[in-house]
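Okay, here's what each chain looks like letter by letter:
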Amino acid sequence: MSDESGLDIVDPIETRHFALATDSSVSPTAADPEEFTFPVATACRIRTDRVVLPHVIPIDVRTAEGDHQASIDPPTTREFGEGEYLLELHSPIKVYLSVSGELSIDATGETAEIEFGREAEVTVGARSYHSSPAATITVPDDPAKVMQAVSAFSSALKTTSPERAWPTLRGHPPRIDHGDELDIPEGLETPDTGIRIAVPPEYGYVYTVAPLAYYLGAEVVPSGTATLTAESGVSEYLGSDVSEVGESVEEVLKRVFLLDCVTRTEGLYPDDLHEREVLEARTDLDFAALYDSSIADRLADYLAVPDEAVEAIESPWHRVTHVEANPGPDAAELLPYVVNDLSLVRVKTACDDEWSPTEAQQQTSEALAEFVRSPAGRSPDDGKATSDATPATGESGDFLRSAGMRSPRRSGEVSHPTSERDGDEDPASPDPESARGVPGEGGYMPLPESDALERAWIGDRTPVEGTKLLKEAFEHDTAASEDGAVEITVVCNDEEMREEWDAAAEIYADREDLRASVTCEFDVSTDELRDLLAEDSDMFHFIGHIDGHGFKCSDGIVDAEQIEATGAETILLNGCRSHDQGIELVKSGAKAAVVSLADLWNAGAVEVGETLARLFFHGFTIGHAMTIVREHTSLGREYVVVGDPGVTLTQCETGLPSMYHITQESEDLDNDEICVESVVYPIWGYGIGSIFQSYVPELEGKHIAVGKGAKTKMTVENIQNHFNSVSEPLIVDGELAWTNTWSSI
């Protein structure tokens, strides 16, 4: 088979592509997308006797009318007699194949082969997973009016059946802008569900209930008592304050969502779902009857399910978004994007003891506060300030990435290294400008402990751990790629940091299944850096010196505040004190940036940069990647994400990015055994509500794609054989490793 023959399907918005290989070249002709039972954006016809997919993926075999016939879950082989078939491919782009005749599918190897027995006409349809708000609601500064806007969010739901648990059937809520009067455009028809959520008319309560109201298609109304009611007889008290209401909303949303995921197996996708098996062993639920019930009746039945049964299928939620105490109207503009992601929302109360920082957060907060007061003396060993003068290198021979950045300069000004300060200046005295570029004292917010995979923050301060959401990040248009290639720019402006530059360039070019165009630049000038920042790209990875004044170049400084437009979608600023520079780049065009909160020791920064590059290129969102880096690298706690935490750089080769947690020592294990558990991280296109099945055969069953999945015992040899040809992240006895380099101790 020629590597050049076949059909390449490109999503220019999300820079995704999916190849259908054929034995010989094909000549696509246009087809009508309306021919397909399911929605597609474009369609064409080709003639071929077989199609080979680049890797094994789940496939649903349907009749031409869309009725389900079989699920092809690798590894397996199936044959189908003469007939008309619609094949649904669960690939990074939604793809359908319509064909008449005989059919056989072999999904036992590294690729999946679909044979038609003879040359056949195959109609191919595709659509992007991309979703954006379809309308804008204008609201005045009045929480009661914001309630009406939130009530209109559910107009985006494509169904109120349990199928709405699928991310592609929920739809993006309309965006919110501020104005003098409430304006809800015509056409935003909310479903008539008979469900109502009543809360006090205060912003905090409205924000807290918004995700649940959206998912239930509920009307939000003002009341002195927080309650959830439905025409089916439901009357659920939600709590006496905004914190209690948040806890109740979390419990109800998780319960309804997870039970919908199980109940929908009676519908379009009759999967053998692990969670259904668990519930059937603990309850006598009639899922067929539940599927046909009204949404209000299902809500009543779901709330009656014993807590122990629901807890048996629960897993950590993908994201919780925290909001500052006594929030005002500004946070409403971020609400549609938070709700679209089905994030939980928790509002801080003025005296919320649960928000006291953890020990690790306290240490980080104290170190950052001390850095702001006296940044000149941090040790590479403990990350805390010392009384010594700023060292050129650490005790281990390391050096600070802020070296030589002690004087404010702009383009064309001369750089004065630290060692060339005026002779009468006390080197032990902190430079009053040296902490510029990061939040000042009181500018940080330690977020409360959570079992969620990721945390986000809406407020003026910056979270010690998590993502600072910025409205501008969600409003930028995504540049379309002509060929679906991922465009990456790596810039290094210091010879001593070349190690990260070399490693990043190698990592970004390592995926054979992915089109990637990697541009590597070294020692660029101010004009060159401005041009590179302005160019359209998917990732801009900067390695070098940064402080509050900007990016250090050979001929001066580039201040991001002076950049009118940023073309890069995702940005990694791996230099000291890059917080403010990253925020400015997001405001001028980027969707998300990883930024630092203090001076960085080079060795730790290299570790963070390489790990992030690997996780980005494996398909993790920028928010989930930073959660992993924060936990498993030496300097990870000194970085945060600003912008949209859901941004991804590449499509994951296996559909959904996952981690395999491996335990090598336990009383339950024999000498040659290890315990393996999958943990799944939802992404857009495969968001919360998708289904995950590991390609490791021993990890059996289909699971709801969020958090912990299958768990089993395996021999070391077996697991290493499965990971022979791929590089995926592992957590081995609490330490981050990679499948292509890990070996059992």
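In case you missed it, the structure is sitting above this.
Asks: Please explain the packing of aromatic side chains as it appears in this structure.
Replies: Aromatic ring pairs are described here by two measures, namely the spacing of the ring centres and the angle between the planes. Counting across every chain of the model gives 11 aromatic pairs. Between the aromatic rings of Tyr-337 and Phe-474, the centroid separation amounts to 4.8 Å while the plane-to-plane angle is 20°, which identifies the pairing as stacked. Note that Tyr-337 is positioned in helix H8 (residues 335-340) and Phe-474 in helix H10 (residues 471-475), a separation of 137 residues in sequence. Taken as a pair, Tyr-337 and Phe-474 share a single burial class, namely buried. Between Trp-501 and Phe-522, the ring centres sit 5.5 Å apart and the planes meet at 50°, which makes this aromatic pair tilted. Residue Trp-501 is located in helix H11 (residues 498-508), and its partner Phe-522 is located in strand S23 (residues 516-522); the two are separated by 21 residues in the primary sequence. According to the relative accessible area criterion, Trp-501 is buried, its value standing at 10%. Given a relative accessible area of 28%, Phe-522 falls into the partly exposed group. Members of the aromatic cluster, connected to one another through ring pairs, are Phe-36, Phe-38 and Tyr-96. For Arg-498, the ring lying beneath its charged end belongs to Phe-522, and the centroid distance is 4.7 Å.

Asks: Teacher, can you tell me more about the pairing of strand S32 (residues 673-680) here?
Replies: For a regular strand, side-chain orientation follows a simple rule: the groups alternate between the two sheet faces. Among the 8 residues of S32, 8 are classified as buried, and the element is accordingly described as predominantly covered. One ladder, built from 6 bridges, connects strand S31 (residues 658-663) with S32; its direction is antiparallel. Paired with Met-659 across the bridge in S32 is Val-679. Two elements, S32 and strand S35 (residues 707-715), share 7 bridges in a ladder whose sense is antiparallel. Pairing of Val-680 across the sheet is with Gly-707, part of S35.

Asks: When you look at helix H1 (residues 143-151) in this model, what are you seeing that I'm missing?
Replies: Structurally, the α-helix is built with 3.6 residues per turn, so residues lying three or four positions apart point the same way. Those residues of H1 that fall on the buried side of the exposure criterion are Pro-143, Val-146, Met-147, Ala-149, Val-150 and Ser-151. The inward-facing, buried residues of H1 contact strand S10 (136-139), strand S11 (175-178), strand S12 (195-199), helix H2 (203-216), strand S13 (219-222) and H8. Among the residues of H1, the N-terminal cap falls to Asp-142, whose side-chain oxygen and the backbone nitrogen of Ala-144 are separated by 3.0 Å.

Asks: What should I look at first to understand the sheet that holds strand S25 (residues 546-547) in this one?
Replies: Here 3 strands make up an open sheet; going across it, the order is S25-S26-S27 and the pairing antiparallel. The open sheet has two free edges, formed respectively by S25 and strand S27 (556-558), since each of these has just one partner strand. Pairing between strand S26 (residues 550-553) and S27: 3 bridges, direction antiparallel. Within the sheet, the bridge partner assigned to Lys-552 lies in S27 and is Ile-557. Docked against the sheet, helix H12 (residues 526-534) engages S26 and S27, running at close to 15° with respect to S27.

Asks: Just to check I follow, could you spell out helix H6 (residues 295-303) for this structure?
Replies: Three or more residues of H6 are buried, namely Ile-295, Ala-296, Arg-298, Leu-299 and Tyr-302. Angular distribution of buried residues about the axis of H6 spans 160°; they occupy a single face of the element. Buried residues in H6 make contact with S12, H2, strand S14 (226-230), helix H3 (242-263) and helix H5 (287-292).

Asks: Which parts of the structure should I look at to understand the environment of Thr-519?
Replies: Structurally, the position occupied by Thr-519 is in strand S23. Along the backbone, Thr-519 and Thr-489 are 30 residues apart, and their C-alpha atoms lie at a distance of 4.7 Å. In contact with Thr-519, other than residues within four places in its own chain, are Ile-488, Thr-489 and Val-490.

Asks: Hey, could you run me through the packing of H11 against helix H14 (residues 602-618) in this one?
Replies: A pair of packed helices is captured by two measures, namely the crossing angle of their axes and the spacing between those axes. Following both chains from N to C, one finds H11 and H14 inclined at 10°, their axes separated by 10 Å at the closest point. With respect to their mutual orientation, H11 and H14 come out roughly parallel. Seen from H11, the contacting residues are Glu-499, Glu-500, Ala-503, Ile-507 and Tyr-508; seen from H14, they are Ala-605, Val-606, Gly-609, Glu-610, Ala-613, Arg-614 and Phe-617. Grouping the amino acids of the contact of H11 with H14 by side-chain chemistry returns 7 nonpolar, 1 polar and 4 charged.

Calculation rules
Residues numbered from 1 in each chain as written. Predicted model: local features only at pLDDT ≥ 70, side-chain atom pairs only at ≥ 80, totals over all residues. Heavy atoms only, no water. Phe/Tyr/Trp six-rings, centres within 6.5 Å; stacked < 30°, edge-to-face > 60°. Helix = DSSP H or I, 4+ residues; strand = E, 2+ residues; numbered from the N terminus. Buried < 20%, exposed > 50% of the residue type's maximum accessible area, 1.4 Å probe, protein only. Lys NZ or Arg CZ within 6 Å of the ring centre and 35° of its normal. Pairing = 2+ DSSP bridges. Contact = heavy atoms within 4.5 Å. Polar contact = N/O pair within 3.5 Å; in protein donor to acceptor, adjacent residues only side chain to side chain. Axes fitted to C-alpha atoms, helices over the stretch in contact; angles between N-to-C directions. Arc of directions from axis to C-beta. Parallel < 35°, antiparallel > 145°, perpendicular 65-115°, else oblique. Nonpolar A, V, L, I, M, F, W, Y, C, P; charged D, E, K, R; others polar.

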